[in-house]
Amino acid sequence: MSRNQTKKDVSTKTRRAIIDLLKQQGGMDVMALSSQFSLSGMAIRQHLNALKEEGLVTNKEEARPMGRPTKLWILTPAADRFFPSGYSDLSVSLIHSMKEAFGNEGLDKLLAVRNKNMQEQYLQQLGDTADVRGKLEKLAEIRTNEGYMAEVKEQDDGSLLFIEKHCPICEAAVVCTGLCKNELHLFKTVLGNNIHIERGEYILAGGRNCVYTVRI
């Protein structure tokens, strides 16, 4: 393999890693990215500019308490192609077909069956996990394997945030809002009736993530 090809492969891997990190962390400045990759600011800027030319990233300014605003780099919707899509085109087509064949009432019944099956699968995978944090951590693992890039964070007040950074069924959910409504009900069921959970941030409403606050 030539030196130029090796250099190109390394650049490609670095840029994909930058995309993955921005998906996980949201907006980041050059200094933060440099520290993550042990690269100079100039090298990071070159990668970001290359990604920007491909339409995969853009930047915005964020005000800081002191000094000049900071330029944050964020992903564009075009970068979603690097993450699981859940066969979105097929899903959307099937939803339209089901609505045409069975009407909204019939579609709701099909979603209820889907939700019931998912409840059974999740409860089986959660097993005998008893504590709330343990259940959420296991649920995050399950959802991450399904493409949702989920994680759990503890808040200062003791509540827990269940965060999903990617929605592999987003395009299907746009034409069938029942998918998202059923997911909230699904979480409530598998976590237990004594647990209060509500969705604050919502990707379909313009949020960067879907964020659920969980309280006992």
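Just so you know, the residues in each chain are numbered from 1, in the order the chain's sequence is written. Predicted model: local features are reported for residues with pLDDT of at least 70 only, side-chain atom pairs are reported and counted for 80 or more only, and whole-chain, interface and lining totals are derived from all residues. With hydrogens and water stripped out, all remaining heavy atoms of the structure feed into the side-chain values.

This part takes up the overall build of the protein chain. Going along the chain from the N terminus, every DSSP run of H or I of four or more residues is numbered as a helix, and every run of E of two or more is numbered as a strand. Across its full length, the protein chain holds 7 helices and 6 strands. Starting at the N terminus and ending at the C terminus, the protein chain contains elements arranged as α-α-α-β-β-α-α-β-β-α-α-β-β. The classification of residues rests on relative accessible area computed with a 1.4 Å probe and restricted to protein chains. Under 20% of the type maximum is buried, over 50% is exposed, and intermediate values are partly exposed. Residues counted as buried form 40% of the 216 residues belonging to the protein chain. What makes two residues a contact is simply this: any of their non-hydrogen atoms within 4.5 Å. Of all intrachain contacts in the protein chain linking residues separated by at least 6 positions in sequence, the fraction that spans at least 24 positions is 48%. For accessible areas, the Shrake-Rupley method is used with a probe of radius 1.4 Å. Any residue's cover is judged against the shown protein chains and nothing else. When the accessible area of the protein chain is evaluated, it comes to approximately 13,000 Å², of which 51% is carbon and sulfur surface. Residues counted as positive are Lys and Arg, residues counted as negative are Asp and Glu, and His and the chain ends are not counted. All charge positions are set by atom: Lys at NZ, Arg at CZ, Asp at CG, Glu at CD. When the 29 basic and 27 acidic side-chain charges of the protein chain are each reduced to a single mean position, those positions are 6 Å apart.

So, about the side chain of Thr213. Mapped onto the elements of the fold, Thr213 is located in strand E6 (residues 210–215). Beyond its immediate stretch of four places on either side in the chain, Thr213 contacts Ser159, Leu160, Leu161, His196, Ile197 and Glu198.

A word on the environment of Glu54. Positionally, Glu54 belongs in the loop between helix H3 (41–53) and strand E1 (57–62). Given the relative accessible area of 49%, Glu54 is considered partly exposed. Glu54 sits 41 residues away from Lys13 along the chain, and the two C-alpha atoms are 15 Å apart.

Once that is clear, we can look at unusual backbone geometry. One non-glycine residue with positive phi stands out, namely Ser38, at about 55°. Locating Ser38 in the fold gives a position in the loop between helix H2 (30–37) and H3. On the basis of relative accessible area, Ser38 is assigned to the exposed category, the value being 67%. Despite not being glycine, Met149 shows a phi value in the positive range, around 50°. As for its placement among the helices and strands, Met149 is situated in the loop between helix H5 (132–145) and strand E3 (150–154). Exposure remark for Met149: the relative accessible area of 15% places this residue in the buried category.

With respect to the helices and strands, the residue Ile74 is situated in strand E2 (residues 70–75). For the pair formed by Ile74 and Thr58, sequence separation is 16 residues and the distance between their alpha carbons is 5.6 Å. Excluding residues within four positions of it along the chain, Ile74 makes contact with Gly27, Leu56, Val57, Thr58 and Lys60.

Between N-to-C directions, angles span 0 to 180 degrees; the directions come from axes that are lines fitted to C-alpha atoms, helices contributing only their stretch in contact. Between H5 and helix H7 (residues 178–191), whose axes approach to 11 Å, the crossing angle comes to 135°. Considered as vectors, H5 and H7 are oriented oblique to each other. For the pair H5 and H7, the crossing hand works out as right-handed. Packed against H5, whose contacting residues are Lys135, Leu136, Leu139 and Arg143, the element H7 presents Glu183, Phe187, Val190 and Leu191 at the interface. Roughly parallel refers to an angle under 35 degrees, roughly antiparallel to one over 145, roughly perpendicular to one between 65 and 115, and oblique to any angle outside these ranges. Should the near helix be turned anticlockwise from the far one by less than a right angle, the crossing is termed left-handed; should it be turned clockwise, right-handed.

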